Amino acid sequence: MPNNKDRVCIIGAGPAGLSCAMYLEKKGYTNYVIYEKLNKVGGKCWSPKIKVKHNGVEEERSFETGAIMGAITYHAVSEMEEFGGYYHKGPDFKEGEPNMRREFRKLDGTVDHPFEPKVNFSFKKLKGLLKLKKQMKRLNQLMQTKYVGYDCYGHIGVAKGEYYGISKGVDGYCGATKENSFPNYIKGTNPNLKDLALPFSEFCRINKVEEVQRIWIAPFTSFGYGFFDEIPAALVMKYLDVTTALEFVNMKLWTWQDGTQEIYAHVNNKLQHPAVLETEVVKVERPEGKVIVTTKSKDGKLHKEEFDKLIVTTPLDLFKDYADATEEEKELFSKIIHERYCDYIATFDEGKSPVISGYMVENMVPERLGHAMVYYNRWQCLGNDCPATVYALANHTGSKDVDYDVVMKTMDEDMKKVGFPIKEKLYAQEVYYCPHVSSKDYQEGWYDRLEALQGNKNTFYAGEIISFGDMEDTCAASKDIIGRFF
Ligand SMILES: Cc1cc2nc3c(=O)[nH]c(=O)nc-3n(C[C@H](O)[C@H](O)[C@H](O)COP(=O)(O)OP(=O)(O)OC[C@H]3O[C@@H](n4cnc5c(N)ncnc54)[C@H](O)[C@@H]3O)c2cc1C
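Computed from a prediction, not measured in an experiment: that's the story for all the values here.

(A) Seen up close, the overall build of the protein. If you tally the helices and strands in the protein, you get 13 helices and 18 strands. Whereas a compact globule of 486 residues would reach a radius of gyration of roughly 23 Å, the protein reaches 22 Å, a difference of no more than 12%. Expressed as lengths along the three principal axes of its C-alpha atoms, the size of the protein is roughly 70 × 55 × 45 Å. Buried positions account for 58% of the 486 residues belonging to the protein. The long-range share in the protein, meaning contacts at least 24 apart out of those at least 6 apart in sequence, stands at 73%. As displayed, the protein offers around 20400 Å² of accessible surface, 51% of which is attributable to carbon and sulfur atoms. Averaged over its 64 positive side-chain charges, the protein has a centre that lies 3 Å from the centre of its 70 negative ones.

(B) Summary view of the packing of helix 3 (residues 123–144) against helix 5 (residues 213–221). At a minimum axis separation of 10 Å, helix 3 and helix 5 run at an interaxial angle of 75°. With respect to helix 5, the axis of helix 3 lies roughly perpendicular. Along its contact with helix 3, which presents G128, L129, L132, M136 and L139, the element helix 5 presents R214, I215 and W216. A class-by-class count of the residues in the contact of helix 3 with helix 5 yields six nonpolar, one polar and one charged.

(C) Up close: the packing of aromatic side chains. A complete count under the given rule lists 28 aromatic pairs for this structure. Ring geometry for F319 and F333: centres 6.4 Å apart, planes at 70°, overall edge-to-face. With F319 in the loop between strand 12 (309–312) and helix 9 (327–333) and F333 in helix 9, the pair connects residues that are 14 residues apart, well separated along the chain. Note on F319: relative accessible area 0%, which makes it buried. With relative accessibility at 3%, the residue F333 sits in the buried group. Between Y341 and Y433, the ring centres sit 4.7 Å apart and the planes meet at 35°, which makes this aromatic pair tilted.

(D) Highlighting the sheet that holds strand 10 (residues 291–297). Taken in spatial order, the three strands make up an open sheet running 9-10-11, and their pairing is antiparallel. Of all strands in the sheet, those with a lone pairing partner are strand 9 (279–285) and strand 11 (302–307), marking the two edges. Put simply, the sheet's adjacent strands are angled 25° from each other on average, direction ignored.

(E) Seen up close, the site of the ligand. Near the ligand there are 35 residues, and of these A16, E36, K44, Y74 and M471 occur at the shortest range. In the model, an oxygen atom of the ligand is placed 2.9 Å from a nitrogen or oxygen of the E464 side chain. A distance of 2.8 Å is found between an oxygen atom of the ligand and a backbone nitrogen or oxygen belonging to M471. For the ligand, whose free accessible area comes to 1000 Å², the fraction covered by protein is 94%. Elements that contribute at least two residues to the shell around the ligand include exactly helix 1 (15–26), strand 9, strand 13 (337–348), strand 17 (422–436) and helix 13 (471–485). Ranked by residues supplied to the shell around the ligand, first place goes to strand 9 with three residues. Along the lines of polarity and charge, the residues of the shell around the ligand split into 17 nonpolar, eleven polar and seven charged.

(F) Fine view of the environment of S467. Looking at the secondary structure, you find S467 in the loop between strand 18 (459–461) and helix 13. Classification of S467 as buried rests on a relative accessible area of 1%. In this structure, the C-alpha to C-alpha distance between S467 and G154, residues 313 residues apart in sequence, is 4.0 Å. Contact partners of S467, with chain neighbours within four places excluded, come to Y153, G154, H155, L235 and D473.

(G) Spotlight on the sheet that holds strand 12. Pairing within the open sheet is parallel, and its four strands lie in the order 2-1-12-18. In this open sheet, the two edge strands, each paired with only one partner strand, are strand 2 (32–35) and strand 18. The sheet shows a mean angle of 20° between the axes of neighbouring strands, direction not considered. Where strand 1 (residues 8–11) meets strand 2, four bridges bridge the pair, whose relative direction is parallel. Paired with C9 across the two strands is V33, which belongs to strand 2. In the packing of helix 1 onto the sheet, contacts are made with strand 1, strand 2 and strand 12, and the angle to strand 2 comes to roughly 170°.

(H) Summary view of the environment of L18. For L18, the position within the fold is in helix 1. With relative accessibility at 0%, the residue L18 sits in the buried group. Taking C-alpha positions, L18 is 8.5 Å from C475, a pair spaced 457 residues apart along the chain. In contact with L18, not counting residues within four places along its chain, are A13, I34, V41, G42, M80, Y264, V267, N268 and L271.

(I) View of helix 7 (residues 242–249). Where helix 7 is concerned, the buried positions are V242, T244, A245, E247 and F248. Turning to helix 7, the residues buried within the fold contact strand 5 (102–105), helix 3, helix 5, helix 6 (233–239) and strand 14 (357–359). At the C-terminal side of helix 7, M251 shows a positive phi close to 55°.

(J) Here's a closer look at the pairing of strand 11. As defined by bridge partners, strand 10 adjoins strand 11 across six bridges and the pair is classed as antiparallel. Looking at the pairing, T294 lines up with K304 of strand 11. From the end of strand 10 to the start of strand 11, which pair antiparallel, there are four residues, and G300 there has a positive phi angle of about 85°.

(K) Highlighting unusual backbone geometry. Put simply, G90 and P91 share a cis peptide bond, and its omega is 10°. Secondary-structure assignment places P91 in the loop between helix 2 (75–84) and strand 5. The backbone of N458 sits at a positive phi, close to 55°, despite the residue not being glycine. Mapped onto the elements of the fold, N458 is located in the loop between helix 12 (446–453) and strand 18.

Basis of the calculations
Residues numbered from 1 in each chain as written. Predicted model: local features only at pLDDT ≥ 70, side-chain atom pairs only at ≥ 80, totals over all residues. Heavy atoms only, no water. Helix = DSSP H or I, 4+ residues; strand = E, 2+ residues; numbered from the N terminus. Rg over C-alpha atoms; globule rule 2.2 N^0.38 Å. Buried < 20%, exposed > 50% of the residue type's maximum accessible area, 1.4 Å probe, protein only. Contact = heavy atoms within 4.5 Å. Areas by Shrake-Rupley, 256 points an atom, 1.4 Å probe, with all protein chains shown as cover. Lys, Arg positive; Asp, Glu negative; His and termini not counted. Charge placed at Lys NZ, Arg CZ, Asp CG, Glu CD. Axes fitted to C-alpha atoms, helices over the stretch in contact; angles between N-to-C directions. Parallel < 35°, antiparallel > 145°, perpendicular 65-115°, else oblique. Nonpolar A, V, L, I, M, F, W, Y, C, P; charged D, E, K, R; others polar. Phe/Tyr/Trp six-rings, centres within 6.5 Å; stacked < 30°, edge-to-face > 60°. Pairing = 2+ DSSP bridges. Near = heavy atom within 4 Å. Polar contact = N/O pair within 3.5 Å; in protein donor to acceptor, adjacent residues only side chain to side chain.

Printed below as a string of structure tokens:
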């Protein structure tokens, strides 16, 4: 039985952990603690400040190493903004604001205009675009009819042809109001939903909408979420529902002046109990009816404390390394796959940086694993002397992983080839990204098995695995878990 006097331990102060705390407070819980192993909150929303020259004057600007963008469909993130008092910019960007404009660049360095019929006009191009438009319309209709119910956060029941969850409200509304964060859930049966377990390319083929992959690929594969021959369609369509995909096409995106990390830093500042930093959870024991958590702080001191409930927002495949995971937890979590997404922030030779972000679509195929797929210039106002972030994927199911060092070198070569020679890397990383399961495990009901475990041993699982590895799905998953179980 939910009891808002319970003492709750939250592991991790990324978007998931902080949104869990916010929603707990909205439900009247005040007796909670968030442990974060790093010296900062925000997890993969990490926005370092870098010194740049603007009109000859040195100043600091935020850059992104992790999450960048949002859209009109970011309802739970909007609640976080409201709670923290820090808001996005866009979709219409003003001079001096970070923007989300982009171009398409071929590997020979020329700029391509694949979606503008009048540029480099040919009848073949026009015919291709008309076909694409028709299939976009068809997919939209199919999602509203044949796949009704696809637009809930999370994956409960989908493998069985059912749906249950908070509606994403892809037309711009998910039911939350200022007074009530926990709107009604939608529930139903739709056997067609089972198709969503198929890899996205197969899902498109059976629905005769293969062309739409041309639109979906840039915000999906180049954003590190994997390739369409391996990722279940459910994951693609939960993140890039038709509304969100169109916001990408029409460049109606959001970004944050001081970086996405600030969304979470602001929320953390408003919480009754801000995250306890530099404190790693190193042991979890769950004897009958109790949760005993051991943490290790920066000075190496161990601290043991008893809780009523535990919320795990950190990678579940690593849970067994520090917790008394049951055989079922071990078996289930061992099936989790994650993407190896690599990125770096770099400066470029003088006057040679990109002045706008760019997609390199030719590199978005498994055969080009480890190649740069996208670069992000955040501050167009800084002209062609602005640092930019460059991104590549290092893994694909059925291909050999590419070593980190090779990825870094390959990205440098690609950037040079297209006209942007890298001068210095200011920050580089490989991230544990987009945890999910294979199409086969999806089909066999992996998410329903996870759902069945919620609450066992007073443990609840949140975080990006629940719905999808983006800020919105992650925060909405917290809303769902807190809404139903607390
Ligand atoms: C390069 C990149 C680009 C992205 N772009 C976008 C985008 O444009 N839009 C978007 O919506 N999303 C984007 N994302 C995804 C988004 O950042 C993630 O989905 C989101 O951060 C997941 O939140 P989380 O809390 O589940 O996990 P995380 O952000 O990974 O947070 C987990 C936290 O747990 C902490 N932790 C781990 N183990 C322990 C432990 N034992 N004890 C204590 N603390 C622990 C970690 O230090 C971390 O702070 C991007 C991510 C990356 C990396």
